Amino acid sequence: MRLPRLFLLLLLLALPALAQGPSADWRTLETAHFRVHYPAASEAWARRAAERLESIRERVAEEIGFTPPEIVDVLVSDPVADSNGMALPFLGWPRLVLWTSPPGPESVIGHYTEWSEMLLVHEEAHLVHMLRPSRNPWGKLLGKIAPAGPILRGAPRWVAEGYATVVEGRLTGSGRPNGDIRAAMLRRWALAGKLPGYGALSSDSRSWSGMSMAYLAGSAYLEWLEERAGPGSLRSLWARMTARQSRSFDEAFEGVFGDSPADLYDRFRAEITWRAFEAERRLTDAGPLREGEVWQDLSWSTGDPAVSPDGKRLAIVLGSRDVPDRLVVWSTEPDETEKAAKDWEERRGKLLERDPEDVPAVRSAPFARKPLHTLHALSTADGVEPTSPRWMPDGRSILFVRFEPDREGFLHPDLFLWTPESGEVRRITREADVRDPDPGPDGSWAVGVRHRHGASQLVRADLGTGEVTEITPPSIEEVYDRPRVSPDGSRIAFARHRGGVWNLVIRDAVSATAGEETVIAPPVGGATVSAPAWSADGRTVYAVVGDRGFLNVWAFPLDGDPVSAPFPVTRTAGAAFAPASSPDGLFYLSLEPDGLDLRLLNLKILASVASDVPTELAPVVRPPSPATPEPFQPAEVAESRPYGLGRQELLPLIGGGGGSSGGAFELGARGGDVIGRLDWLALGSFSSSGWAEGGALAAAFRGWPVEVGLHLFQAGERPSEQSGDLPAQPGTGLDVDRRGAELSARWNRAWSGGAFQLAGRTLFGEVEPDGGPALDQEIASLSAGLSLFRQHGAWRLTAGLASRHDEGRTDGDGWTRTAGRIRLGLGKDDTRLVLDWRRGTSSGIRRDFDLFQLGGADSSLLPESLLSGRISSPALPLGTLPGTDQETQRAELTVGLLPAPVFFERHRLWSGASSSDEWLSLAGIEWRWTLGPLPIARLPGLDVRLGAARILDDPSPDRNLEDAFRWWVTTVWRP
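What counts and what doesn't
Residues numbered from 1 in each chain as written. Predicted model: local features only at pLDDT ≥ 70, side-chain atom pairs only at ≥ 80, totals over all residues. Heavy atoms only, no water. Helix = DSSP H or I, 4+ residues; strand = E, 2+ residues; numbered from the N terminus. Rg over C-alpha atoms; globule rule 2.2 N^0.38 Å. Buried < 20%, exposed > 50% of the residue type's maximum accessible area, 1.4 Å probe, protein only. Contact = heavy atoms within 4.5 Å. Areas by Shrake-Rupley, 256 points an atom, 1.4 Å probe, with all protein chains shown as cover. Lys, Arg positive; Asp, Glu negative; His and termini not counted. Charge placed at Lys NZ, Arg CZ, Asp CG, Glu CD. Patch = residues over 30% accessible without salt bridge, like charges linked within 9 Å, V, L, I, M, F, W, Y side chains within 5 Å. Salt bridge = Lys/Arg side-chain N within 4 Å of Asp/Glu carboxyl O. Axes fitted to C-alpha atoms, helices over the stretch in contact; angles between N-to-C directions. Parallel < 35°, antiparallel > 145°, perpendicular 65-115°, else oblique. Phe/Tyr/Trp six-rings, centres within 6.5 Å; stacked < 30°, edge-to-face > 60°. Lys NZ or Arg CZ within 6 Å of the ring centre and 35° of its normal. Pairing = 2+ DSSP bridges. Core = buried A, V, L, I, M, F, W, Y, C linked by side-chain atoms within 4.5 Å. 1 Å grid on protein atoms, 1.4 Å probe; cavity = no way out; pocket = protein on both sides within 12 Å on 5 of 7 lines; lining within 4 Å. Points joined across faces, edges and corners; volume = space filled by probe spheres on them. Nonpolar A, V, L, I, M, F, W, Y, C, P; charged D, E, K, R; others polar. pLDDT = per-residue confidence, 0-100. Polar contact = N/O pair within 3.5 Å; in protein donor to acceptor, adjacent residues only side chain to side chain. Arc of directions from axis to C-beta.

Trainee: I would appreciate a short explanation of the overall build of the protein chain in the present structure.
Mentor: Within the protein chain, the regular secondary structure consists of 14 helices and 49 strands. Its C-alpha radius of gyration of 32 Å places the protein chain within 12% of the 30 Å reference for a compact globule of 975 residues. The dimensions of the protein chain, computed from C-alpha atoms along their principal axes, are 100 × 75 × 65 Å. Out of the 975 residues in the protein chain, the part that is buried amounts to 56%. Long-range contacts, defined as pairs at least 24 residues apart, comprise 57% of the intrachain contacts of the protein chain with a sequence gap of at least 6. Element-wise, carbon and sulfur atoms account for 54% of the exposed surface of the protein chain, whose accessible area totals about 40,200 Å². Of note, the protein chain has its 105 positive side-chain charges centred 1 Å away from the centre of its 130 negative side-chain charges.

Structure below.
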């Protein structure tokens, strides 16, 4: 057979190990209470974190009042090139996940002394808080069955996230409670009457930043509660929640604070609203606000505006709740808005002509501008959202960033060039990790920021070749943000985080003193500086200054003798972000409860008074700066060791399924390590009515670029014994016992908008038909699958192609099976239609059990080589129709009002030269859920199917299936 040779070629496929997947060079650092696992390239960041983990654990435990005894596995990674972390407080085996990319200054988590410390404090606070066990006997038993403590089970999300945010602020002296953005958002939401109600506090995905309110408003509410009830009251709440006396969260809360959490939250909202209006009153008493005019009333997330060199166009990324971000180009000329104003006046006039007593609506927002050009996610080559647009000096093209996946799906920011007039998009860099680009004046190069393995640096990218070179060395202690090249290309302005402060830095770029820097400290003590933008003449840098909970644009004059002091340009009651200079003034983004609006400010009139509101009005202004906390003391950590196969962990498994034709019960265990390098399953199955029973041991090794699998099995099936669906027919040739081993190799390649998989398998075993001798069997197979995804606005299009070829030998007789599949899906919002077509043919098969077989559910016991001839349909008995050829058609419709998709499918199987015109058809409803292996949670892969259907047509008169009602629920475990 040829296929075993192809299988070996796949197994030996020579590809470099990837940077973050299980095949990477992972290493482990150990402390007394932590095992830190990380890719070798992240050694510096991981070691710095590990050295402080024990000190952070001790301080967090002291703050919360509990010390968990568990050893914590920590995973360091950077899967989406973003700033985040995760705590998994599983009783007995807790986890921490740390993403290394540092946040920028305008992020809600951008106020920190050191990124890794703030991240560790917040996530460790989750563990210490929620690992507290129950003192109730039944609660203790429940914690052994489902590894979750009473706080994790009972506390709302706002409690968990809000409390970790409180601890983050207290122990670091920075974090969200001590930053400007929490204050600005609470103040602006309160002024608009948009603070979330109690029911939306934990989770509100329908509102902009609604999911962040669990952190922001939740932490402020907890601080208010503790101030009201006294120090230690939050500890009392945790003690009541874990007490021997079983209590709900509301009961535990009311016993400490004297009223329900919902009622006290209403009181909190009332006080916060008063403080917000008082802050606004004091602000306006000191001088008029200076916010400019709303140039475009926007909603949801909005990217930084970029003005073309001639000032006549503006590029900006617009976000939406339901569709991907899109990059648009608007004209800044007044012609379009003048025409819209004229049309609006004409409509008002017509209304009054028809009804003189009518009162036409007043205009409350600027006229919406029609984009000159739009770059949708679908318009790009691979369907990824664009971000960070910057005009090229010629004014014809726009440099932008897309986060592109590598072979395993980990994202990397890369540079692209878009020419709006032609629609051409050209990729410049590949896996370069370059973000925040800004082109030089000749258009041949750009400066940018690279965050890689936890280190940050300035880099220069050649826009012709894509070559990236260092401007500054990579640093964990320093973080760079938004570099901007001066109009003459001689200087670079950027924000840099060093020593807990964001400063403005001007760096010489081309002269004999290239590399010399001027650090411009914040103009007000305790303030931060971010988002620099050059004026057109290069004499001034505009930047955002955060001061006491207010964020405003300031001007920093750089030329002149003497150099003038910086001064505020805006004076807002909310926050100003992302300034961009233009001939008409200064564009910037203003904070609103429904997103960010784009404003235009006339620079001829300058703000003369800086914001000055007393800190007593916190949290709607920044609270008084806390005393500098004691630094977390680094401890010496031993040298790292290779990760190897990792520490193997066990989890008991229960599975199987049942349906109209029978059932099976599976019991076993999953073993594996925390990153998923080696996963294995040991399962035994007991069945009724002829379903598969026996045992299997399956394993997958992902320590190489090609995943290798082994599946040992011994299983028997008796389709003739299925519950009344088929008459007992011993000796039909489908009742068999099987045993053997399958070796497999699988290679995946992912990219934005698609994925490709190539797999090879070879099986050696025996098959023993009922009433006959055991027969040797060999099967070799090669399969390939391609999946594609595109989105345009709210519309989503998916397509899949798959093919498979099997070559087998049963008792010396050779045979082949070939099958193909096409799958198309189209969806909008929560409605989706999927069409699925499959066709297979075989030759040389002499025994019934090697034919295509319709019916039955997949089994955890049997390897894929034996399932390749199955047309899985759990509504039908196994072996309902056998044949040398088969065709399947299926349509599936998902509608938001229905609990699960509805489907119609039909099948035909035949043997011989002429195809059958008789179809077996059925319709019903089926819910499917697929979970990939989650080694961090000790979970293997899992497929679940739950449904019911009615048989519409059955071509066989010997069966009593037509108009029969069928049901099923099945699970399949995969390593």
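Trainee: How do you make sense of a nonpolar patch on the surface when you look at a structure like this?
Mentor: Together, Leu801, Ile822, Leu824, Leu833, Leu835, Trp837, Leu893, Leu898 and Val902 make up an exposed nonpolar region whose accessible area comes to about 720 Å². If one sorts the elements of the nonpolar patch by residue count, strand β41 (residues 831-843) sits on top with three residues.

Trainee: I'm lost on the packing of helix α7 (residues 180-191) against helix α9 (residues 213-229) in this one. Help?
Mentor: Helix-helix packing is characterised by the crossing angle of the two axes and by the distance between the axes. Viewed as axis vectors pointing N to C, α7 and α9 meet at an angle of 90 degrees, and their least axial separation amounts to 10 Å. When the axis of α7 is compared with that of α9, the two are roughly perpendicular. Residue-level contacts link Arg182, Met185, Leu186 and Trp189 of α7 to Met213, Leu216, Ala217, Ser219, Ala220 and Glu223 of α9.

Trainee: Looking at this structure, how should I read the environment of proline 568?
Mentor: Turning to its location among the elements, proline 568 is positioned in strand β26 (residues 567-568). Sequence spacing of proline 568 and phenylalanine 556 is twelve residues, and the spatial spacing of their C-alpha atoms is 9.0 Å.

Trainee: Looking at this structure, how should I read the pattern of salt bridges?
Mentor: Side chains that differ in charge, positive against negative, can pair when their charged atoms come close. Scanning the model with the defined rule gives 65 salt bridges in all. The salt bridge involving arginine 507 is made with glutamate 517; its shortest N-O contact spans 2.8 Å. Here arginine 507 is found in strand β21 (residues 501-508), whereas its partner glutamate 517 is found in strand β22 (residues 517-520), with ten residues between them in sequence. For arginine 507, a relative accessible area of 13% translates into the label buried. Looking at glutamate 517, the relative accessible area reads 31%, which means it is partly exposed. Note that arginine 846 and aspartate 813 form a salt bridge whose closest N and O atoms lie 3.3 Å from each other. Of this pair, arginine 846 sits in the loop between β41 and β42 (852-854) while aspartate 813 sits in strand β40 (residues 813-828), and the two are 33 residues apart along the sequence. Take arginine 846: its relative accessible area is 64%, and that puts it in the exposed class.

Trainee: Would you mind showing me how to read the packing of aromatic side chains here?
Mentor: Given two aromatic rings, their pairing is described by the distance between the two centres and the angle made by the two planes. Counting across every chain of the model gives 23 aromatic pairs. Judged by centre distance (6.3 Å) and plane angle (80 degrees), the ring pair of tyrosine 112 and tryptophan 502 falls under edge-to-face. Placement of tyrosine 112 in the loop between β5 (95-99) and α3 (115-130) and of tryptophan 502 in strand β21 is noted, with a sequence separation of 390 residues between them. Of the residues examined, tryptophan 502 reaches a relative accessible area of 2% and is grouped as buried. Members of the aromatic cluster, joined through ring pairs, are Trp158, Tyr198, Tyr221, Trp224, Phe249, Phe253, Phe257, Tyr265 and Phe268. Here arginine 187 stacks its cationic end above the ring of phenylalanine 550, 3.8 Å away from the centre of that ring. Stacked on the ring of phenylalanine 416, the Lys or Arg arginine 402 has its end atom at 4.1 Å from the ring centre.

Trainee: I tried to follow the sheet that holds strand β19 (residues 479-485) on my own but got confused; where do I start?
Mentor: Strands pair in a sheet through their backbones, by hydrogen bonds, and they do so in one of two ways: parallel or antiparallel. Read from one edge to the other, the open sheet built from four strands follows the order β19-β20-β21-β22, with strand pairing classed as antiparallel. Both outer strands of the open sheet, β19 and β22, are each paired with one neighbouring strand and no more. Between one strand axis and the next, the sheet turns through 25 degrees on average, direction left out of account. Bridge count between β21 and β22: four bridges; the pairing is antiparallel.

Trainee: What am I meant to see in the nonpolar core here?
Mentor: Across soluble globular proteins, nonpolar side chains show a tendency to be buried alongside one another. Of all hydrophobic cores here, the largest spans 120 residues; its most connected members are Val36, Tyr221, Trp330, Phe577, Leu591 and Leu598. With 21 residues, the next largest nonpolar core counts Ala692, Leu851, Leu866 and Leu867 among its residues.

Trainee: In this structure, what is going on with empty space enclosed by the protein? I would like to understand it.
Mentor: Taking a probe equal in size to a water molecule and rolling it over the atoms shows the remaining empty space. Following the criterion strictly, the structure yields six cavities of 30 Å³ or more and no others. The computed volume of the largest cavity comes to approximately 210 Å³. Taken together, 18 residues line the largest cavity, and the ones lying closest to its centre are Trp691, Ala692, Ala857, Asp858 and Ser859. Where the lining of the largest cavity is concerned, the elements lending two or more residues are β31 (649-659), β32 (662-672) and β49 (965-974). Residues that form the lining of the largest cavity fall into these classes: six nonpolar, eight polar and four charged. Taken together, 16 residues line the second largest cavity, and the ones lying closest to its centre are Pro105, Gly110, His111, Asp180 and Ile181. Listed by contribution, the elements that provide at least two residues to the lining of the second largest cavity are α7 and β23 (528-534). Here the lining of the second largest cavity gets three residues from one element, more than from any other, and that element is α7.

Trainee: Looking at this model, I keep getting lost on the confidence of the model for the protein chain. Mind explaining?
Mentor: Note that predicted coordinates carrying low pLDDT should not be read in detail. Considering every residue of the protein chain, the mean pLDDT works out to 90; 94% of them sit at 70 or more. A low-confidence stretch, residues 1-17 stays under pLDDT 50, and its non-local contacts, those more than four residues away or across chains, total 36 contacts. Low pLDDT (under 50) marks residues 725-731, which in the prediction has 16 contacts with non-local residues, meaning those over four places away or in another chain.

Trainee: How should I be thinking about a negative patch on the surface in this particular structure?
Mentor: Together, Asp250, Glu251, Glu254 and Asp263 make up a region of like negative charge exposed at the surface. Looking at the negative patch, the element that brings in the most residues is helix α11 (residues 249-257), giving three residues. For glutamate 251, the location among the structural elements is in helix α11.

Trainee: I keep staring at the pairing of strand β25 (residues 550-557) and nothing clicks. Help me out?
Mentor: Remark: a regular strand shows side chains that alternate across the two faces of the sheet. Here β25 lies mainly inside the structure; eight of its eight residues are buried. Of the two faces of β25, both are covered, the one formed by Phe550, Asn552, Trp554 and Phe556 as well as the one formed by Leu551, Val553, Ala555 and Pro557. Bridge count for strand β24 (residues 540-547) against β25 is eight bridges, and the pairing is antiparallel. Looking across to β25, one finds that glycine 546 is bridged to leucine 551. Relative to β26, β25 runs antiparallel, the two being bridged by two bridges.

Trainee: When you look at the sheet that holds β25 in this model, what are you seeing that I'm missing?
Mentor: Strand order across the open sheet formed by four strands is β23-β24-β25-β26, with antiparallel pairing between neighbours. Each edge of the open sheet carries a strand with a single partner, namely β23 and β26. On top of the sheet, α7 reaches β23, β24 and β25; it is set at about 125 degrees to β25, its chief contact.

Trainee: Explain the packing of helix α6 (residues 157-172) against α9 to me, please; I cannot follow it from the model alone.
Mentor: Running from amino to carboxyl end, α6 crosses α9 at an angle of 75 degrees, the nearest separation of the two axes being 7 Å. Taken together, the axes of α6 and α9 are roughly perpendicular relative to one another. Across the interface between the two elements, Arg157, Trp158, Val159, Glu161, Gly162, Tyr163, Thr165, Val166 and Arg170 of α6 pack against Ala214, Tyr215, Gly218, Ser219, Tyr221, Leu222, Glu223 and Glu226 of α9. Tallied by class, residues from the contact of α6 with α9 come to eight nonpolar, four polar and five charged.

Trainee: Help me out: how do you make sense of the side chain of aspartate 836 in this one?
Mentor: The topology assignment puts aspartate 836 in strand β41. Taking relative accessible area as the criterion, aspartate 836 reaches 6% and is therefore assigned buried. A distance of 3.2 Å separates a polar atom in the side chain of aspartate 836 from a polar atom in the side chain of arginine 823. Setting aside chain neighbours within four positions, we find aspartate 836 in contact with Arg821, Ile822, Arg823, Thr888, Gln889 and Arg890.

Trainee: Just to check I follow, could you spell out α11 for this structure?
Mentor: Residues spaced three or four apart along an α-helix face the same direction, because each turn holds 3.6 residues. Every buried residue belonging to α11 is among Phe249, Ala252, Phe253 and Phe257, and all of these are buried. Looking straight down α11, one finds its buried side chains confined to an arc of 110 degrees; they lie on one side. For α11, the elements touching its buried residues are α5 (150-154), α6, α8 (198-201), α9, α10 (233-241) and α12 (261-285). Looking one or two residues beyond α11, the residue adopting positive phi is glycine 258, at roughly 85 degrees.

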